[in-house]
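This is what each chain is made of:
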Amino acid sequence: IEDDIGRVKIPNLLKKKTGKNLIIENYAGHDFPNIEGYKLIIHCGACMTNRRELLSRILTANKKEIPITNYGVAISYCLDILSRAVKIFENN
């Protein structure tokens, strides 16, 4: 798709935010690579998988000390609105 969120929009936002020519790899469906050497994992909403599989991926990333987040958090960060988005969860 021309403006795919995972293959086009997020990579463009990340490159703009960092000013770097990042190496970005995409995997779909049940594909989950050996994540050794990765600096960050940005995961979709997992609508094509189940809770158990997503939790397994999160656990794998945590064991290897690789940060993992989702599309929404990554986009919010790139657009400099993450602090506003999480403000509701802050204690006064």
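Data block above holds the structure.
Nothing here was measured: the structure is a model prediction, and the numbers come from that model. (Residues numbered from 1 in each chain as written. Predicted model: local features only at pLDDT ≥ 70, side-chain atom pairs only at ≥ 80, totals over all residues. Heavy atoms only, no water.)

**What to know about the side chain of Thr49**
When you line up the elements, Thr49 lands in the loop between β1 (41-43) and α2 (51-63). Only 2.5 Å separates the side chain of Thr49 from the side chain of Glu53, close enough to count as a polar contact. (Helix = DSSP H or I, 4+ residues; strand = E, 2+ residues; numbered from the N terminus. Polar contact = N/O pair within 3.5 Å; in protein donor to acceptor, adjacent residues only side chain to side chain.)

**Topic: the environment of Arg84**
Structurally, Arg84 is set in helix α4 (residues 82-86). On the basis of relative accessible area, Arg84 is assigned to the exposed category, the value being 62%. Considered as a pair, Arg84 and Gly29 are 55 residues apart in the sequence and their alpha carbons are 31 Å apart. (Buried < 20%, exposed > 50% of the residue type's maximum accessible area, 1.4 Å probe, protein only.)

**Some thoughts on the pattern of salt bridges**
One pass over the structure, following the stated rule, counts 4 salt bridges. Put simply, Lys17 and Asp80 hold a salt bridge, and the shortest N to O gap is 2.4 Å. Taken together, the residues span a long stretch of sequence, with Lys17 in helix α1 (residues 5-18) and Asp80 in the loop between α3 (71-78) and α4 at a distance of 63 residues. On the basis of relative accessible area, Lys17 is assigned to the partly exposed category, the value being 31%. Note on Asp80: relative accessible area 58%, which makes it exposed. One salt bridge in this structure joins Lys64 and Glu36, with 2.7 Å as the shortest N-O distance. (Salt bridge = Lys/Arg side-chain N within 4 Å of Asp/Glu carboxyl O.)

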